[in-house]
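Chain by chain, the residues run as shown.
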Amino acid sequence: MTATQLTIGRGPVRLPRRHIPVLATLALLLVMYGIGVSQYQAFSNIQVVFNVLIDNSFLLVVAVGMTFVILTGGIDLSVGSVVAMTAMVSASLLERGLPAGAVLPIALLIGPMLGFLMGCVIHFFDIQPFIATLAGMFFARGMCTFISGSSIPISDGFWTSMSQTRIGDPRGNFVSISVVIAFVVVAVAAYTLAYTRLGRNVYAIGGNQQSALLMGLPVGRTKIAVYTISGLCSAIGGILLSFYTLSGAPLIAVGMELDVIAAVVIGGTVLTGGSGYVFGTVLGVLVLGVIQTLITFDGSLNSWWTKIVIGGLLFAFILLQRLIGIRYK
Amino acid sequence: MTERHPVLTMTGISKAFPGVRALHDVDFRLFPGEVHALMGENGAGKSTLIKVLTGVYGIDSGTIILSGEPVSFRGPMQASAGGVSTVYQEVNLCANLSVAENIFIGREPRRFGAVWWGEMRRRARALLTRLDLDIDVNAPLASYSLAVQQMVAIARAIDVQARVLVLDEPTSSLDTGEVAQLFRIMRQLRDEGIAILFVTHFLDQVYGIADRITVLRNGSLVGEYTTAELSQLGLVEKMIGKELDVLERLDEQPKRELAVLERGTPFLDARELSRKGSVAPFSLTIHAGEVVGLAGLLGSGRTEVARLLFGADRADHGDLSVDGRGTTLRNPVGAIAQGIGFCSENRRLEGIVGELTVRENIILALQAARGWLRPVARRRQDELVDKYVKALSIRPANPEIPVANLSGGNQQKVLLARWLITEPRLLILDEPTRGIDVGAKAEIQKLVVELSDGGMAVLFISAELEEVLRLSHKVAVMRDRTLVSELTNDESVDSDRIMQTIASGAGEERATT
Amino acid sequence: MSEWKSRFRALAGHRLFWPVVVLAVMLLANTVYRPGFLAVQMRDGHLYGSLVDILRLSAPLILVALGMTLVISTGGIDLSVGSVCAISGAVACLYISKQPDQDSLGAMFTALAMALGLALVLGAWNGVLVAVIGIQPIIATLILMVAGRGLAQLITEGQIITINADPYRAIGLGHFLTLPLAIFIALGAALLIAAITRRSALGMIIESVGGNAEASRLAGIRSGRITFLVYVVSAACAAVAGFMITANVSSADGNTAGLWIELDAILAVVIGGTSLAGGRFFLSGTILGALIIQTLTTSVYAMSISPQTALLFKAVVVIAVCLINAPAFRAKLVRRKPGLPPADVSGDQRKERVPA
């Protein structure tokens, strides 16, 4: 008798609440695309979409890493600097004549190592993620200029071929290899979050770290892993950026962490952790990309409108999260 | 029953913290297929014993033998792997995850290295069916009530082939129907041979389910009894022990006549006040100089009544008048302006500001009432604080140390001082004596008597009926978030009568399940 | 001997001990590297020297960090201060640049009032998001941090607005009583905030809200108002800092003015001993923290290392100071108190039986 009573606890809401933010982002993306197509002839060209992907592939990869961190309720301010540092290290090593095969692993190792160290500081010494990753941000940016004060061009064969290879259909629409790499990263991340213990522990920690500890989950290991993953994603992002620009510049990707955090939040991941999907992050990055494209197409709007619109969207989505009450704590 | 071998034997357990002897030479045994209640007052050592068993604390001396093997767990996880699972008072699960995941996270069924969601759901459904719980295992845990979440926690605990299930006050936030549901599950698990260690504050729950009772007092073992051989009264005596005498000697002064007190306009008059999901409509009057006791079990709505009267929560319906004038309390600020003070039962979260000094904590409410632009002059602060540190014998008597460094009893006195310097006309005390030692308890009780003699109205909330009876002029009894009865505290009223009032109805319901 | 030891331990336990040591070591290192470092000369009735420069350049950071201290004390954080700096500087410069007589005092004060007014509105926006709508501070202020940069560029229309106004320039470069005016402005703000918070009950009430918001509410504190107030104060401090930054270079650049100053300010607060979790705040510590950061930057300049590489040193200092201050780190260093119950006992205090 009581058993049936107890099942009433669920609300009448058909749509699972935690999917609302992602669906809202999807709707927003479609609306924005619709506006673009209706206003500008050239917007309907499929290559416009492909260009958004090409221009933002490195952002997407970094945002995927950030999604892991934010899902645990943390934050990683170091991503932009790590991206720049990775590109700088690659460019500098290539300049000294190291083969691409040696440069790639080195460049890809530095980011995760820094992430691992930050994770350790956060976990073992109870330093707030904000401060620890801020130090990481300073460190990585400092390393950039330590390597070189000015931009280093890349002329390595592997890099240029990665940069110039087009994967496309016969009609001439194409994406770069970076886009493919980005989507591989997205797929691996989505699998990790949904189907591995590590991924599920990430959600559990974001939901309630104290409970996760009492349930015997490896909280410390997971937190360190998350910052290492974010470091790895930043490193991959840095490599993709160096494919894209064919250079390493000490001041590139300054403030990128803000775009990344904005993309993750607009993609429906709750900043207090525990709720969100990689798919949402993909949508969030696309929203940012489409805004940029729309503003470029318009011509009369200046680039600073991008920031204002992103700020407005952030506000709208945070308010939405607040209204539907996604706060499990 | 005693012929069988105990699944768990704890012998000569001692555990000391600096300045506190938490457990002294305690023996405890647990047989398979029994519900064993661990009883004792706050601070008797129940929690410490459980934490020693589950490896949260190490032991100073003694042995723990589980199924014939000596064990010494190094943490709850190791304990549950060893067959001792614990469900805590607060649900320690992740509300953002699904029900199925909450049961299995950390030991998810996997296939080819990946989490096997289908199998996990199937097993979760099977497990919940065993517990007669018909809920959607895919839904996030947050979408279910606390009671269901508690059951899910139990499901998680028994899935690891638990031989011993420790339930540490699992019922404190459940209503009667939910408790019945929990008991049904406990009986079922007991019949399957699991040994259940059950900690609760509610006497009638003990008699509703337990087969055997172990009583602790002051960190020592009082004895082990079967439920049948120990009467309720006997149990209370064993739990309280000498304290009863100490407190009885404390005040045997005649109480002033209620009829005299209740002349004139009441200070506070609540009519049909209610808040949805919190407390059903209730009416209550409190006169100047009157102590009104609020009795009832934990979770019966006592605190909710207090919060409505203090404006900490807003009432949906009903009328409230203070001094004969109708008023609406939207927030504590409004209530304080009317001369009402409130000491919350949750000292640490809703009472003290641990980082601030004793002095700052004491003047906080007075300062808040004056607004930040009109600071209380430092000399006046020192005078006031000095006066109350002496009057309430707050120790250590140094007002400039952080209040977090004080013991529970002294923190409670600091809170009392905070309200007393605002010279309230009504002071609401929610469990002011919980978890503090006998001496401090007696002092606080004495203070309540003095305050009411001085004309202050007091609403006194306590789970200890003796205490309520000793202090109050009249007693309002809460049950299931409803004020069921108001009794004038004269010769005809004793703790049995109140207990009957609390239990009436609840007992009948339980009989049908 | 043991007395000396215990005295040292008491001194080392003081919250300002390590920050002071760090500052002293940095000044010492500078003096060793460049013996003339500590020298101060009098020229044209003004004092000059590295120390004076450090004080002058740290003025904007001190201002922002003071406001940030109050915000952090309530358990919040204000990421938008850099953007507010840029916006206020841009508005002031824009107004002055439109005046026929840029040197007019009236024009300057009108400009300052307008910019400050706008900053107060922005602070109120943050305050409403946090105190009324209940959005987490770090997210709520992130909105203005992102959008504010855009607003600043919108105001300057993406250009760098250059002005030629002596009274305005004086905010950053002027002198008063032989010392740079900026030092007095920062000092004045510090004294004002200290007086307001410590002479009134505001400081204690802020600390109470940051220490335990629910307990404060039940004690009758209108915590919403207090929270709102600190964001407004923070924005006002940022606005004045924005005036100084733009006055220093007599131009407003919406893109770079006050860039990353929020991070430096947060660092200064944390170095100064105020916990990011809220509660007790230390204005003197914050000022010390700001001086440490500026000394570091100046020293690195003096050693002709690029300012970007200076970030490397900053990273080291941040981690060092935070680790020294972190209880977890101290506990791991000094394991001298045996027999203490595990940390989680505190969560269980009310159940403990402790002799009264």
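The structure displayed is predicted, hence computed values, not measured ones.

1. Comments concerning the overall build of chain C
A count of helices and strands for chain C gives 15 helices and six strands. Relative to the compact-globule value of 21 Å for 356 residues, chain C shows a C-alpha radius of gyration of 22 Å, a close match. Taking the principal axes of its C-alpha atoms as reference, chain C extends roughly 75 × 55 × 35 Å. Here chain C, with 356 residues, has 53% of them falling under the buried criterion. For chain C, long-range pairs separated by at least 24 residues make up 76% of all intrachain contacts whose partners lie at least 6 apart in sequence. When the accessible area of chain C is evaluated, it comes to approximately 14,700 Å², of which 67% is carbon and sulfur surface. With 25 positive and 16 negative side-chain charges, chain C shows a spacing of 13 Å between the two charge centroids.

2. Digging into the packing of aromatic side chains
This structure, assessed with the given rule, holds 13 aromatic pairs over all chains. Relative to Trp 159 of chain A, the ring of Phe 158 of chain A lies with its centre 5.9 Å away and its plane at 80°, an arrangement referred to as edge-to-face. Its relative accessible area of 0% is what places Trp 159 of chain A among the buried residues. Taking 6.0 Å as the distance between ring centres and 85° as the angle between the ring planes, the aromatic pair formed by Phe 183 of chain B and Phe 198 of chain B counts as edge-to-face.

3. Side note on the UniProt feature "transmembrane region" (unreviewed entry) in chain A
All names here are of chain A. Those residues carrying the UniProt feature "transmembrane region" (unreviewed entry) are residues 20-36, 48-71, 106-125, 131-154, 174-194, 224-244, 251-271 and 304-324 in this numbering. Helix makes up 100% of residues 20-36 and strand 0%, with an end-to-end C-alpha separation of 24 Å. Regarding residues 251-271, the helix share stands at 52% and the strand share at 0%, and the terminal C-alpha atoms are separated by 28 Å.

4. Some details on the sheet that holds strand 22 (residues 482-488) of chain B
Residue and element names in this part refer to chain B. Sheet architecture is open: six strands sit in the order 18-19-20-15-21-22, paired in mixed fashion. The sheet is open, and its two edges are formed by strand 18 (340-343) and strand 22, each paired on a single side. Looking at each pair of strands side by side, their axes are set apart by 15° on average, direction ignored. When strand 15 (residues 291-295) meets strand 20 (residues 457-461), the two strands line up parallel, connected through four bridges. Bridge pairing in strand 20 places Val 292 opposite Leu 459. In the packing of helix 11 (residues 302-310) onto the sheet, the strands contacted are strand 15, strand 18, strand 19 (426-430), strand 20 and strand 21 (474-479), and the crossing angle to strand 18 comes to about 145°. Lying over the sheet, helix 16 (residues 408-420) contacts strand 18 and strand 19, oriented at roughly 170° with respect to strand 18.

5. Description of the sheet that holds strand 17 (residues 325-327) of chain B
Residues and elements named next belong to chain B. Pairing in this open sheet of four strands is antiparallel, and the strands run 14-13-16-17 from one edge to the other. Looking at which strands have only one partner, the edges of the open sheet turn out to be strand 14 (279-286) and strand 17. Between one strand axis and the next, the sheet turns by 25° as a mean value, whatever way the strands run. In this structure, strand 13 (residues 268-275) lies alongside strand 14, joined through five bridges in antiparallel fashion. Residue pairing for strand 14: Ala 270 is matched across the bridge by Leu 284. Helix-sheet contacts for helix 11 involve strand 13, strand 14 and strand 16 (317-322), and the interaxial angle to strand 14 is about 65°.

6. Side note on the side chain of Gln 205 of chain B
All names here are of chain B. Along the chain, the position of Gln 205 falls in helix 7 (residues 203-209). Its relative accessible area of 5% is what places Gln 205 among the buried residues. What Gln 205 contacts, discounting residues up to four positions off in sequence, is Thr 171, Val 179, Phe 183, Phe 198, Thr 200 and Ala 210.

7. Topic: the packing of helix 3 (residues 46-71) of chain A against helix 12 (residues 256-266) of chain A
All names here are of chain A. Contact geometry for helix 3 and helix 12: axes closest at 9 Å, N-to-C directions at 65°. Taken together, the axes of helix 3 and helix 12 lie roughly perpendicular to each other. Considering the relative orientation of helix 3 and helix 12, their crossing is right-handed. Residues Phe 58, Leu 59, Val 62, Ala 63, Met 66, Thr 67 and Ile 70 of helix 3 form the contact with helix 12, whose own contacting residues are Met 256, Glu 257, Asp 259, Val 260, Ile 261 and Val 264. Residue classes in the contact of helix 3 with helix 12 are distributed as 10 nonpolar, one polar and two charged.

8. Focus on the side chain of Thr 269 of chain A
Mapped onto the secondary structure, Thr 269 of chain A falls in the loop between helix 12 and helix 13 (278-298). With sequence-adjacent residues up to four places away left out, Thr 269 of chain A is seen in contact with Thr 67, Ile 70, Leu 71, Val 264, Ser 275, Gly 276, Tyr 277, Thr 281 and Gln 321 of chain A.

9. Some points on the pairing of strand 21 of chain B
Residue and element names in this part refer to chain B. Across the six residues that make up strand 21, a large majority, six, are buried. Going residue by residue along strand 21, you find Lys 474, Ala 476 and Met 478 tucked away on one face and Val 475, Val 477 and Arg 479 tucked away on the opposite face as well. As paired elements, strand 15 and strand 21 share four bridges and run parallel to each other. Opposite Val 292, over in strand 21, you have Lys 474 as the bridge partner. As paired strands, strand 21 and strand 22 are joined by six bridges and run antiparallel to one another. Looking across to strand 22, one finds that Ala 476 is bridged to Glu 486. In this structure, the hairpin formed by strand 21 and strand 22 is closed by a connection of two residues, where Asp 480 is found at a positive phi of approximately 50°.

10. Details of the confidence of the model for chain A
Of the residues in chain A, 93% have a pLDDT of 70 or more, and the chain-wide mean is 87. A low-confidence stretch, residues 1-14 of chain A stays under pLDDT 50, and its non-local contacts, those more than four residues away or across chains, total 16 contacts.

11. Overview of unusual backbone geometry
Where the residue is not glycine, phi is negative for most of them; where a peptide bond is considered, it is trans in most cases. At Asp 126 of chain A, a position not held by glycine, the phi torsion is positive, near 60°. Of note, Asp 126 of chain A is situated in the loop between helix 5 (100-125) and helix 6 (129-147). Backbone geometry at Glu 272 of chain B places phi at a positive 50°, although glycine is not the residue there. Structurally, Glu 272 of chain B can be placed in strand 13.

12. Regarding the nonpolar core
Of all hydrophobic cores here, the largest spans 342 residues; its most connected members are Leu 309 of chain B together with Tyr 168 of chain C. No other element matches helix 3 of chain A, which puts 13 residues into this core. Look past the residues within four positions of Leu 309 of chain B in its chain and what remains in contact with it is Leu 268, Ala 270, Leu 273, Phe 282, Leu 284, Leu 320, Leu 329, Ala 335, Ile 340, Ile 428 and Leu 459 of chain B. Core analysis: the second largest hydrophobic core is formed by 28 residues, Val 26, Leu 49, Ile 64 and Ala 79 of chain B among them.

13. A look at the interface of chain C and chain A
Facing the 46 residues of chain C at the interface are 40 residues of chain A. When chain C packs against chain A, close to 3,700 Å² is buried across both sides, 84% of that on carbon and sulfur atoms. Counting across the interface, chain C meets chain A through zero salt bridges. Linking chain C with chain A are one residue pair in polar contact (both at pLDDT 80 or more). Looking at the side of chain C that touches chain A, the elements with two or more residues in it are helix 5 (105-133), helix 6 (137-156), helix 12 (261-271), helix 14 (307-325) and helix 15 (327-333) of chain C. A total of 12 residues in the side of chain C that touches chain A trace back to one element, the largest contributor, which is helix 6 of chain C. Looking at the side of chain C that touches chain A residue by residue, the classes come out as 32 nonpolar, nine polar and five charged.

14. Side note on the pattern of salt bridges
The final tally for this structure, using the stated rule, is 29 salt bridges over all chains. The closest approach of N and O atoms between Glu 224 of chain B and Arg 29 of chain B, which form a salt bridge, is 3.2 Å. Highlighted residues: Glu 224 of chain B in strand 12 (residues 220-226) and Arg 29 of chain B in strand 2 (residues 20-30), separated in sequence by 195 residues. When its relative accessible area of 26% is taken as the criterion, Glu 224 of chain B is described as partly exposed. Look at Arg 29 of chain B and you get partly exposed, because its relative accessible area is 30%. Note that Glu 214 of chain C and Arg 307 of chain B form a salt bridge whose closest N and O atoms lie 3.9 Å from each other. Here Glu 214 of chain C, found in helix 10 (residues 213-218), pairs with Arg 307 of chain B, found in helix 11, and the two come from separate chains. Judged by relative accessible area, Arg 307 of chain B falls into the buried class, the value being 13%. Connected through salt bridges with shared partners, the residues Arg 307, Asp 313 and Glu 350 of chain B together with Glu 214 and Arg 217 of chain C form a single ionic network.

15. Some points on helix 8 (residues 181-199) of chain C
Residue and element names in this part refer to chain C. Taking 1.5 Å as the rise per residue, helix 8 with 19 residues should run 27 Å; its terminal C-alpha atoms sit 26 Å apart, in good agreement. Taken residue by residue, helix 8 has Ala 182, Ile 183, Ala 186, Ala 189, Ala 190, Ile 193 and Thr 197 as its buried positions. Buried residues of helix 8, viewed axially, fall in a sector of 135°; they line one side. Facing away from the buried surface of helix 8 by more than 90 degrees, the exposed residues are Leu 191, Leu 192 and Arg 199. At its buried positions, helix 8 is contacted by helix 3 (50-73), helix 7 (166-173), strand 5 (179-180), helix 9 (202-211), helix 11 (223-249) and helix 13 (283-302).

Rules used throughout
Residues numbered from 1 in each chain as written. Chains lettered and ligands numbered in written order. Predicted model: local features only at pLDDT ≥ 70, side-chain atom pairs only at ≥ 80, totals over all residues. Heavy atoms only, no water. Helix = DSSP H or I, 4+ residues; strand = E, 2+ residues; numbered from the N terminus. Rg over C-alpha atoms; globule rule 2.2 N^0.38 Å. Buried < 20%, exposed > 50% of the residue type's maximum accessible area, 1.4 Å probe, protein only. Contact = heavy atoms within 4.5 Å. Areas by Shrake-Rupley, 256 points an atom, 1.4 Å probe, with all protein chains shown as cover. Lys, Arg positive; Asp, Glu negative; His and termini not counted. Charge placed at Lys NZ, Arg CZ, Asp CG, Glu CD. Phe/Tyr/Trp six-rings, centres within 6.5 Å; stacked < 30°, edge-to-face > 60°. UniProt positions renumbered as here; feature names shortened; annotations may be inferred. Pairing = 2+ DSSP bridges. Axes fitted to C-alpha atoms, helices over the stretch in contact; angles between N-to-C directions. Parallel < 35°, antiparallel > 145°, perpendicular 65-115°, else oblique. Left-handed = near helix turned anticlockwise from the far one by under 90°. Nonpolar A, V, L, I, M, F, W, Y, C, P; charged D, E, K, R; others polar. pLDDT = per-residue confidence, 0-100. Core = buried A, V, L, I, M, F, W, Y, C linked by side-chain atoms within 4.5 Å. Buried area = accessible area lost by both parts, 1.4 Å probe. Salt bridge = Lys/Arg side-chain N within 4 Å of Asp/Glu carboxyl O. Polar contact = N/O pair within 3.5 Å; in protein donor to acceptor, adjacent residues only side chain to side chain. Expected span 1.5 Å × (residues − 1). Arc of directions from axis to C-beta.

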